[in-house]
Amino acid sequence: PPEHGLRVATDCFEWIVRNQPHWAPISIIAAQLQPARATPVQEIAFSITIAMAYIDAMLARGFDIDTVAPYFHFVINIDMDFFEGICKLRAFRKLWARTMKERYGATAPAAMKLRVMSSPSTTSLTLQQPLNNIGRLAIMATACALAGAGETMTTPLHDEAHALPSDEAIRVGAAIQHLVAHETGVADTVDPLAGSYYVEALTKKIEEAAHAEIERVVALGGAL
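A few points on the structure. (Residues numbered from 1 in each chain as written. Predicted model: local features only at pLDDT ≥ 70, side-chain atom pairs only at ≥ 80, totals over all residues. Heavy atoms only, no water.)

**Thoughts on the overall build of the chain**
Okay, step 1: A count of helices and strands for the chain gives eight helices and three strands.
Okay, step 2: Helices and strands in the chain line up, N terminus first, as α-β-α-α-β-α-α-β-α-α-α.
Okay, step 3: For 224 residues, the compact-globule estimate of 2.2 N^0.38 gives 17 Å, and the C-alpha radius of gyration of the chain, at 18 Å, lies within 12% of that figure.
Okay, step 4: Projected onto its principal axes, the C-alpha positions of the chain cover 55 × 40 × 30 Å.
Okay, step 5: Per-residue burial over the chain gives 42% buried out of 224 residues.
Okay, step 6: Residue pairs at least 24 apart in sequence account for 75% of intrachain contacts in the chain once pairs closer than 6 positions are excluded.
Okay, step 7: With the model as given, the accessible surface of the chain reaches about 11,300 Å², and the carbon-plus-sulfur share is 58%.
Okay, step 8: A distance of 4 Å separates the average location of the 18 positive side-chain charges in the chain from that of its 24 negative side-chain charges. (Helix = DSSP H or I, 4+ residues; strand = E, 2+ residues; numbered from the N terminus. Rg over C-alpha atoms; globule rule 2.2 N^0.38 Å. Buried < 20%, exposed > 50% of the residue type's maximum accessible area, 1.4 Å probe, protein only. Contact = heavy atoms within 4.5 Å. Areas by Shrake-Rupley, 256 points an atom, 1.4 Å probe, with all protein chains shown as cover. Lys, Arg positive; Asp, Glu negative; His and termini not counted. Charge placed at Lys NZ, Arg CZ, Asp CG, Glu CD.)

**A word on the pattern of salt bridges**
As a working rule, side chains carrying opposite charge can pair if their charged atoms are close by.
Okay, step 1: As enumerated under the stated definition, the model contains 14 salt bridges in all.
Okay, step 2: Residues R61 and D11 are paired through a salt bridge, measuring 2.9 Å at the closest nitrogen-oxygen approach. With R61 in the loop between α2 (40-60) and α3 (65-68) and D11 in helix α1 (residues 2-19), this residue pair connects regions lying 50 residues apart in the sequence.
Okay, step 3: A relative accessible area of 32% means that R61 is categorised as partly exposed. (Salt bridge = Lys/Arg side-chain N within 4 Å of Asp/Glu carboxyl O.)

**A look at the pairing of strand β3 (residues 116-120)**
Okay, step 1: Burial within β3 is extensive, with four of its five residues counted as buried.
Okay, step 2: Taken together, the five bridges between strand β2 (residues 72-78) and β3 define a ladder with parallel strand orientation. The residue bridging N77 from the neighbouring strand is S119, located in β3. (Pairing = 2+ DSSP bridges.)

**A few points about the packing of aromatic side chains**
Okay, step 1: According to the stated counting rule, one finds eight aromatic pairs in the structure shown.
Okay, step 2: Consider the rings of F13 and F72, whose centres lie 5.5 Å apart with planes at 70 degrees: the pair is edge-to-face. In this pair, F13 is assigned in helix α1 and F72 in strand β2, connecting sequence segments 59 residues apart.
Okay, step 3: Overall, F13 belongs to the buried group, its relative accessible area being 1%.
Okay, step 4: Classification of F72 as buried rests on a relative accessible area of 1%. (Phe/Tyr/Trp six-rings, centres within 6.5 Å; stacked < 30°, edge-to-face > 60°.)

**Some words on unusual backbone geometry**
Okay, step 1: Positive phi, normally seen in glycine, also occurs at Q129, with a value near 50 degrees.
Okay, step 2: Locating Q129 in the fold gives a position in the loop between β3 and α6 (132-146).
Okay, step 3: Even without a glycine there, the phi angle at D191 is positive, about 50 degrees.

**What to know about the pairing of β2**
Okay, step 1: With six of seven residues buried, β2 lies mostly within the body of the structure.
Okay, step 2: As paired strands, strand β1 (residues 26-29) and β2 are joined by four bridges and run parallel to one another. Along β2, the bridge assignment pairs S27 with H73.

In structure tokens, the structure reads:
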């Protein structure tokens, strides 16, 4: 039952905060929502409301938000809709900070910082012509980096649609990250697309829609 699952998770969370403060006890996998056909708005909103359930449980045990919030970690997918993926991550970062500050009263910068691992989406890979997936993965990895989530990234492999990855695919997957990180220049600038009319407008649209979805879930009683 979810109530007992939350209690066990909160027990683990509390033990780690008290005894192993350099561990990350909670990782919320938005990447599982995207293959289930959640919209970008739902990915963000459901991930944050799930986090809020854990936060509320920890606050009920006497912890403060500036202590609890930095322990959260998220995993999110980027698919082949290039600008939507970039804006989704930018909106996610803004809405996490907004939620921690406005709803919970966080003051520490670390509490408002989104810790996220990004990943190109396997649902965009095709069984037919698998070598074309190399191009897809490079495009999605570049979007991850442009969105500011390239510091921690997993890269699927081009033959995952039909087999366990081959040794060659593993080498190519690692090379894709190296190419994006060291040969494109995208890692030299923080938020390089900031100020673009389209990027800012789409980011704001996703952020506001996700905020409304969060309020809808809260009105229903929360993620639990």
